[in-house]
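Examination of the molecular architecture
The primary structure of each chain is shown beneath.
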Amino acid sequence: MHSNIQHHFHPDEREFVERAAEWVHNAARYHEQKLTDFLDPRQAYILSTLIAREPDVQLRLEGGSPHAERKRALVGPDYLDLESEDMQIEVLSITPEGQKFTELEHGDYMGSILGLGIKRGKVGDIHVLEDGCHTVVASEIASYLHLHLTQVHRLHVMTELLPASALRAAVPDIQTMELTVASMRLDGIASDVYRLSRSKILVPIKAGRCRVNWKPEEDPSHPLKEGDMVSVQGMGRFKVLELDGVTKKGRYRVKIGKFV
């Protein structure tokens, strides 16, 4: 891949960029199709950016629901009807036995699935519901999960495989926070959201455990803007919902949505 493309991306992303560039190249030159694992929004953006440079290649993204975060991508030459292709997505319905399903959270389901040796890329969005969970999975590992997933966080569960059309998508719970901050710096806003001192929030940021819009961000002074999604490993994530002007003392009024 040309270096003039590489410098647009974070060093941690270059391995994916190289693979994505190869998919695009093979579609354009050898008329190959490539069905990827589930991509996060940043990876989908990178792939879309590369395909935009190649007029003979097209892209389809599918994650099971209109607002899916993680999606499988199908890359192919522009003359194919990608919409008619099977994206090989199924729904694993997980129902805990008894009435203890309210005890289980997103991380419990994810941990149990990955604990079976499943790679993260084979799992799409996990929708925690009032009576269990609908997890979007790649068809190639669906039967394995159906057979072997019998327990989630010490609770016995029953599973069922459903078509993607049967997905019940969950609406994420967002806790709204209104902050008044001196600047839009990443470290300042993150310290208020996570209720940590500025010195403590610097540790995960500088250690590479923070992402802004799914892109690694190690600069504490990085300015946030409306619409930005921020995640810190082990602490959860939040979105900058709205900038609501400046106070008489020159401080910024910001509305934050914290995912709970």
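Residues numbered from 1 in each chain as written. Predicted model: local features only at pLDDT ≥ 70, side-chain atom pairs only at ≥ 80, totals over all residues. Heavy atoms only, no water.

According to the stated counting rule, one finds twelve salt bridges in the structure shown. Across the salt bridge formed by Glu140 and Lys122, the nearest N and O atoms sit 2.9 Å from each other. Linking Glu140 in helix α5 (residues 139–148) with Lys122 in the loop between α4 (106–114) and β5 (123–129), this pair joins segments that are 18 residues apart in sequence. Here Arg198 and Asp187 are joined by a salt bridge, their closest N and O atoms 3.5 Å apart. (Salt bridge = Lys/Arg side-chain N within 4 Å of Asp/Glu carboxyl O. Helix = DSSP H or I, 4+ residues; strand = E, 2+ residues; numbered from the N terminus.)

Topologically, Ser199 is positioned in helix α7 (residues 198–206). Along the sequence, Ser199 and Val212 sit 13 residues apart, while their C-alpha atoms lie 19 Å from each other. Side chain to side chain, Ser199 and Ser197 meet in a polar contact 3.1 Å long. (Polar contact = N/O pair within 3.5 Å; in protein donor to acceptor, adjacent residues only side chain to side chain.)

Strand direction decides the pairing type here: strand β9 (residues 174–181) and strand β14 (residues 252–259), joined by eight bridges, are antiparallel. The partner of Thr176 across the bridge, within β14, is Gly257. Pairing of strand β13 (residues 236–246) with β14 involves six bridges; the strand directions are antiparallel. Within β14, the position partnered with Val246 by the bridge is Tyr252. Between β13 and β14, which pair antiparallel one after the other, the connecting turn spans five residues, and Gly250 there sits at a positive phi close to 85 degrees. (Pairing = 2+ DSSP bridges.)

Quick look at the pairing of β13 now. Two faces, one strand: in a regular strand the side chains alternate between the faces of the sheet. In this sheet, β13 lies alongside strand β12 (residues 229–232) in antiparallel orientation, the contact comprising four bridges. Within β13, the residue paired with Met229 across the bridge is Lys239. In this structure, the hairpin formed by β12 and β13 is closed by a connection of three residues, where Gly234 is found at a positive phi of approximately 85 degrees.

This part covers the sheet that holds β13. The antiparallel open sheet is built from six strands, whose spatial order is β9-β14-β13-β12-β10-β11. The outermost strands of the open sheet, each flanked by one partner alone, are β9 and β11 (215–216). Two elements, strand β10 (residues 210–212) and β11, share two bridges in a ladder whose sense is antiparallel. Paired with Arg211 across the strands is Pro216, a residue of β11. Where helix α6 (residues 186–194) meets the sheet, its contacts fall on β9, β10, β12, β13 and β14, and the angle it forms with β9 comes to roughly 130 degrees. (Contact = heavy atoms within 4.5 Å. Axes fitted to C-alpha atoms, helices over the stretch in contact; angles between N-to-C directions.)

In terms of burial, α6 is a largely internal element, eight of the nine residues being buried. The complete set of buried residues in α6 reads Leu186, Asp187, Gly188, Ile189, Ala190, Ser191, Val193 and Tyr194. Along its buried surface, α6 packs onto β9, α7, β10, β12, β13 and β14. Two residues or fewer past α6, Arg195 is found with a positive phi of approximately 55 degrees. (Buried < 20%, exposed > 50% of the residue type's maximum accessible area, 1.4 Å probe, protein only.)

Interpretation in functional terms is not warranted from these geometric data alone.
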